[in-house]
Amino acid sequence: MPSKPDQSTVTDLPAEAPNHVLEFPGGYTRSVGPVIGRFLSELRDGRLVGVRTQAGKVLFPPLEYDPDSGEAVTDEYVEVGPAGTVQSWSWVSRPLKVHPLDRPFAWALIQPDGADTALLHALDMGVLEEGAEAPRYLKTGLRVRPKFRGRGKRAGSINDIECFEPEVTMINAPSRLEYELQGGRALDRFLEGVSQGKLIGHRCGVCGQVIVPMKGLCPKDGVPTTEEVELPDTGTVTTFAVNNLPDPRAPEVPFVSAYILLDGAGLTMLALVAGVPADQVRMGMRVKAAWRPREEWGKTMSNIKWFEPLDEPDVPFDAIKDYL
Amino acid sequence: MGNPCAIIGVGQTAYKTKRLDVSMAGLVREAAQRALDDAGLTWNDIDAVVIGKAPDLFEGVMMPEAYLADALGARGKPMMRVHTAGSVGGSTANVAASLIQSGVHDRVLTVAWEKQSESNATWALTVNTPYSTSLVVGAGGYFAPHIRAYMRRSGAPDHIGTLVAVKDRENALKNPYAHLKIPGISREMVESTPMLWEPIRYLETCPSSDGACAMVLASEDAARKTPNRPAWVHGTSMRSEPIFFAGRDTVNPQGGMDAAADVYRQAGIADPRRELDVAETYVPFSWYEPMWLENLGFCGEGEGWKLTESGATALDGDIPWNASGGVLSSNPIGASGMIRFAEAALQVRGLAGEHQVEGARRALGHAYGGGAQFFAMWIVGSDKP
Amino acid sequence: MSRDVAVVAFVQTRHTAEDTGMSEVELLAPIITEIKERTGLRRFGFTCSGSCDYLAGAPFSFVSALDAVGAWPPISESHVEMDAAWALYEAWVKLQHGEIDTALVYGFGKPSQGTLREIMTQQLDPYYLAPLGVDQVSLAALQARAYLERSGAKEDDLRAVAARSRAAGRDNPFALHLDDPGDAGYDVAPLRPHDIAADADGAAAIVLATGDKARELCERPAWITGIDHRSEAHLPGVRDLARSDSARIAGEKAGATGIEVAELHAQFTHEELILREALGLGDDVTVNPSGGALSANPVMATGLIRIGEAARRIHDGTASKALAHAASGPCLQQNLVCVLSGENNG
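Keep in mind it's a predicted model, so treat the numbers as computed, not measured.

**Q** Account for the overall build of chain B, with residues named and values stated.
**A** The secondary structure content of chain B amounts to 14 helices and 11 strands. In terms of overall dimensions, chain B is globule-like: its C-alpha atoms have a radius of gyration of 19 Å, near the 21 Å expected for 385 residues. Here chain B has roughly 10,600 Å² of accessible surface; of this, 48% comes from carbon and sulfur atoms. The distance from the centre of the 34 positive side-chain charges to the centre of the 42 negative ones in chain B is 2 Å.

**Q** Hey, could you go over the UniProt feature "domain: Thiolase N-terminal" (unreviewed entry) in chain B for me, with residue numbers and the actual values?
**A** Mapped onto the present numbering, the UniProt feature "domain: Thiolase N-terminal" (unreviewed entry) falls on residues 11-122 of chain B. Secondary structure content for residues 11-122 of chain B is 32% helix and 18% strand, and the end C-alpha separation is 28 Å.

**Q** Hey, could you go over the interface of chain C and chain A for me, with residue numbers and the actual values?
**A** With 27 residues of chain C in contact, the opposing surface of chain A contributes 20 residues. Taken as a group, C:Glu26, C:Asp67 and C:Gln113 account for 29% of the area that chain C buries against chain A, more than any other trio of residues on that side. Here chain C is connected to chain A by one salt bridge. The closest approach of N and O atoms between C:Asp67 and A:Lys215, which form a salt bridge, is 2.8 Å. Counting the contacts that link chain C with chain A gives eight residue pairs in polar contact (both at pLDDT 80 or more).

**Q** Residues and numbers for the domain arrangement of chain C, please.
**A** Residue and element names in this part refer to chain C. Here chain C is partitioned into domain 1 (5-115 + 199-217) and domain 2 (116-196 + 225-341). Taking the mean C-alpha position of each, domain 1 and domain 2 sit 22 Å from one another. With 40 residues of domain 1 in contact, the opposing surface of domain 2 contributes 34 residues. For the pair domain 1 and domain 2, the summed buried area comes to about 3,000 Å², and 72% of that belongs to carbon and sulfur atoms. Three residues stand out in domain 1 for area buried against domain 2, namely Asp 83, Trp 86 and Thr 115, and they jointly supply 22% of the buried area on that side. For the interface between domain 1 and domain 2, the tally reads 13 residue pairs in polar contact (both at pLDDT 80 or more). Broken down by class, the residue content of the side of domain 1 that touches domain 2 amounts to 24 nonpolar, 11 polar and five charged.

**Q** Would you mind going over the sheet that holds strand E13 (residues 227-231) of chain A in detail, with residue names and values included?
**A** Residues and elements named next belong to chain A. Reading across the sheet, the three strands line up as E10-E9-E13 and stay open at both edges, with antiparallel pairing between neighbours. Each edge of the open sheet carries a strand with a single partner, namely strand E10 (210-211) and E13. Examined bridge by bridge, strand E9 (residues 199-203) and E13 share five bridges and lie antiparallel to one another. Its bridge partner being in E13, Arg 203 is matched across the sheet by Glu 227.

**Q** Run through the environment of B:Glu280, naming residues and quoting values.
**A** Residues and elements named next belong to chain B. In this structure, Glu 280 sits in strand E9 (residues 278-280). Given the relative accessible area of 1%, Glu 280 is considered buried. Residues Glu 280 and Phe 244, 36 residues apart in the sequence, show an inter-C-alpha distance of 28 Å. Look past the residues within four positions of Glu 280 in its chain and what remains in contact with it is Asn 322, Ala 323, Ser 324, Gly 326, Arg 340, Glu 343, Ala 344, Leu 364, Gly 365 and His 366. A polar contact is formed between the side chain of Glu 280 and the side chain of Ser 324, at a distance of 2.9 Å.

**Q** Can you break down the nonpolar core residue by residue, with the values?
**A** The biggest cluster of nonpolar side chains holds 224 residues, and the ones touching the most others in it are B:Phe298, B:Trp378 and C:Leu208. Listed in part, the 35 residues of the second largest apolar core include B:Val49, B:Ile51, B:Ala222 and B:Ala223.

**Q** So what's going on with helix H1 (residues 24-39) of chain C? Residues and values would help.
**A** Its 16 residues place the ends of H1(C) 23 Å apart at the C-alpha level, agreeing with the 22 Å of an ideal helix rising 1.5 Å per residue. Residue C:Gly40 follows H1(C) closely and has a positive phi angle near 70 degrees.

**Q** Could you give an account of the confidence of the model for chain C, with specific residues and numbers?
**A** Low-pLDDT portions of the prediction should not be read for the details of their coordinates. Within chain C, residue pLDDT values average 94, and 99% of them lie at 70 or more. Among the scores for the predicted complex, ipTM is 0.96 and pTM is 0.88.

**Q** Residues and numbers for the environment of B:Thr205, please.
**A** All names here are of chain B. Note on placement: Thr 205 falls in the loop between strand E6 (200-201) and strand E7 (210-218). You can call Thr 205 buried: its relative accessible area is 7%. Remark: the alpha-carbon pair of Thr 205 and Phe 285, spanning 80 residues in sequence, is separated by 4.7 Å. From its side chain, Thr 205 meets the backbone oxygen of Tyr 202 in a polar contact 2.7 Å long.

**Q** Lay out the pattern of salt bridges with the relevant residues and their values.
**A** Per the stated rule, a full pass over the model turns up 68 salt bridges over all chains. When the shortest N-O distance is used, the salt bridge between B:Asp168 and B:Lys167 registers 3.1 Å. Of the two residues, B:Asp168 and B:Lys167, neither departs from the other in class, the shared state being buried. What emerges from the salt-bridge pattern is a single network uniting A:Arg38, A:Glu42, A:Asp45, A:Arg47 and A:Arg151.

**Q** So what's going on with the packing of aromatic side chains? Residues and values would help.
**A** How two aromatic rings sit relative to each other is set out by the distance from centre to centre and by the angle between their planes. Summed over all chains, the structure comprises 22 aromatic pairs over all chains. Between A:Trp291 and A:Trp297, the aromatic rings sit 5.1 Å apart at their centres with planes inclined by 50 degrees, giving tilted as the arrangement. Ring geometry for C:Tyr106 and C:Phe108: centres 6.5 Å apart, planes at 20 degrees, overall stacked. We classify C:Tyr106 as buried; its relative accessible area is 0%. One aromatic cluster is present, built from ring pairs that chain together B:Tyr142, B:Phe143, B:Trp197, B:Tyr282, B:Phe285, B:Tyr288, B:Trp292, B:Tyr368 and B:Phe375.

**Q** So what's going on with unusual backbone geometry? Which residues, and what values?
**A** A:Pro254 follows A:Val253 through a cis peptide bond whose omega is -10 degrees. With respect to the secondary-structure elements, A:Pro254 resides in the loop between strand E14 (234-243) and strand E15 (255-262). The residue after C:Ala189, namely C:Pro190, is reached through a cis peptide bond having omega 10 degrees. Considering the arrangement of structural elements, one finds C:Pro190 in the loop between helix H7 (155-170) and strand E5 (202-210). In this structure, B:Ala372 is a non-glycine residue whose phi angle is positive, near 50 degrees. With respect to the helices, strands and loops of the structure, B:Ala372 is situated in the loop between strand E10 (362-369) and strand E11 (374-381).

What counts, and at which threshold
Residues numbered from 1 in each chain as written. Chains lettered and ligands numbered in written order. Predicted model: local features only at pLDDT ≥ 70, side-chain atom pairs only at ≥ 80, totals over all residues. Heavy atoms only, no water. Helix = DSSP H or I, 4+ residues; strand = E, 2+ residues; numbered from the N terminus. Rg over C-alpha atoms; globule rule 2.2 N^0.38 Å. Areas by Shrake-Rupley, 256 points an atom, 1.4 Å probe, with all protein chains shown as cover. Lys, Arg positive; Asp, Glu negative; His and termini not counted. Charge placed at Lys NZ, Arg CZ, Asp CG, Glu CD. UniProt positions renumbered as here; feature names shortened; annotations may be inferred. Contact = heavy atoms within 4.5 Å. Buried area = accessible area lost by both parts, 1.4 Å probe. Salt bridge = Lys/Arg side-chain N within 4 Å of Asp/Glu carboxyl O. Polar contact = N/O pair within 3.5 Å; in protein donor to acceptor, adjacent residues only side chain to side chain. Domains from an automatic or database assignment. Nonpolar A, V, L, I, M, F, W, Y, C, P; charged D, E, K, R; others polar. Pairing = 2+ DSSP bridges. Buried < 20%, exposed > 50% of the residue type's maximum accessible area, 1.4 Å probe, protein only. Core = buried A, V, L, I, M, F, W, Y, C linked by side-chain atoms within 4.5 Å. Expected span 1.5 Å × (residues − 1). pLDDT = per-residue confidence, 0-100. Phe/Tyr/Trp six-rings, centres within 6.5 Å; stacked < 30°, edge-to-face > 60°.

Here is the structure:
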């Protein structure tokens, strides 16, 4: 093999027009003979056929001769596949222009069911980024099927098969439904307060506890609540988690999600604690809401960026143990 | 409690990260067929079907019982669908038992399942609406603060969670259906894994599994004709409480205590640690073993971690918990509760195989869900009550 | 074993076509309060509800509903991801053997938050149906065509069902008040807008009680003399859409004879005709005096409301034997029949 730049260098070359093109006008014409002709005709019809050898094997794709013995094959054509099994494969992570696929794919030897030999073709493993490694489920033995071009686009060529694809083992079900949700009147009133920098709760007429954010009812006593109470934006961390598992919808890790007992409240609320290293957050720590600049306020809890430490001594565990 | 109810068939799939070889119907049918085989019955023999799973967003099929009706042989039959959050597998079994205890049916097939790999649990459990915060990422994010509160309140040393993580995975090695099999599992291995939601480490959490579990429940009459030895229901209970209210004890929820008291009363049990032989409890994070030991009355408050540390809950301890490897080893969420109930039944039938607790005659199945606010339990025994 | 169980109280919201800004819990709380006041009961032996996460677009929509119930101390409770009529069935079963004598059942839904016909697509076979995007109304229209062609009924017969239902609905303070069917074109042919249920936000609750407890709580309890439910296969191509075999079986098992009033959970006009035939309800039976789902369809509570409406007519002495029907799944896939009587031995 003459020395040649490695492939990655080839594809990295700037896409300039070449200064010389060798192209036979109109393409070569090649007669295919009866055996390959039969195969390609069947292929154009969307079928895979092999031919039986005198030794009784099914040769696919068919040849005029038995490659083992050189003897002529019989004239018995046998429909095989279309499903088959990968016998071996290589992985192209950076396809070349001449390749049948423009995304990473495998070259594979594929033996259709009912055949004794295999065909080389491209095997599409789905949408992958340039440079991607082979998916782990691509293995010798993988079950695959041909993806035929549309009837009108088939010309009697091995490219009438666009490529092979893994057998269907999974489908993808996009799911999107649109809603107009309402938080409810109680939550609406709470957020109205937040939009004015106030934290409003309801005092339950039965247990006397202040519920914040209020729900318009006491879940414990099952009675409606209406008496509004404004609470300060200071409180105590009762317990918390340090979250190290990233999620696109959550703050950057590590973040501390904490239950905060607002001063005067009967139950805790979940909030972000920041402005202090995660490993210094403590049960009993005193905190205060850090509000965004007033001009950014809306009818949303995100008016409060997070709670941050107050310069006050921690609350003893006994004082918070009943709020866990 | 009504008419006697027997468990005459149990079927489970292997629990795996991804069951790519089966459709949803194929998954539930696999478990159901095994339960029918165990019971010596065919689809035709079944009077009614009760399906449980939670929530529908896991697979993106809303009310999937409609699609699964004929897959479970329910054409022309009654079929119900139960959804009580994480406790659903247990509640589903209780609803099925209720259909026998009431005398409405003689043979009920009950199935619970989850194919978590179709979707993403963290997404499905934490769909943020315009009015909710994004501070809880998955179940671990929710439960971590409560575990921290337990540790502080009980004074439990840090390594207790690790002990449970190791014990349950050792048990899983003896269970052919278990998902996580970690030969040579050790404290060092667990402690070397990262804190996902401090104080919860990676190996102190449950896996995400595909799988299904099924049971055939039967009346006394129907149970007489069954080839294998039945288990008998000695009691069932369910309790629910709101998730946020002033004065709620999230570490030791009243609902769990009340449900336990109810089921013990029905089964005539005064001292669960001595009178039960084995318990299959819903422990998705290892710290929930000591927490539930206390909640379920196996010891006094603050003592659960000592029981775990003493080895009492190990397979060779005096009250084995989660001999199957538990939720920490296999977690097809909607099915996890039913697996607990089914494993309890297998133990008292003497059919638990390598993880059989010698001579087990009475067992507890336990499940919980939501913000530790939904509880379902049953007690099964080898003798008819 | 068989214990006498009766519907002793029924409360529903005034259903609205538009979102009134109330959350599901806020819809529910007043009717739970009202039914507690009406029965004088603060606690129930068992509680069971029906709702659907997909209506709210978030998992666990039933969890916050517990806030409205006053679940403290903790209650014995369960939930079905089905119409609340099946929650009532579960409670009825529990009352047969549990050591309890009362049960609270409720259901709620706010279809105004999304597009119901598209949401219902998510309920279909995930391999062969849902990927096609076929919606609830389109599937119902397939069934309507199959029924019209098989039975020889005409579109005018469907219109008559709509006209009668809407007229009845206008007399029902809880239903939407809709005009007589106009000349609107097809929605999905052969169904026109008036053939389709009037989706609404709402909630309903029922209290069940056994034997003497029922007699103590209600002057004329509506005794459940039979209740049964049955399913069809799922794919529309493998069942006879023009008939409802499952409703027929459920009706037979529930003892649906001698019925004077029937409340049918028909979300489309043709469904009422299919159900009448399957349940053997002749012209002498008053069907949907409430206006039915065609006048108010608070999804997930609609079936339960049928039981409540039927029971109400026993309570007030209008009828001595009434039938309530609830459905679930596409094209009446699942059908529940509950027969109610003023006499406790049927």
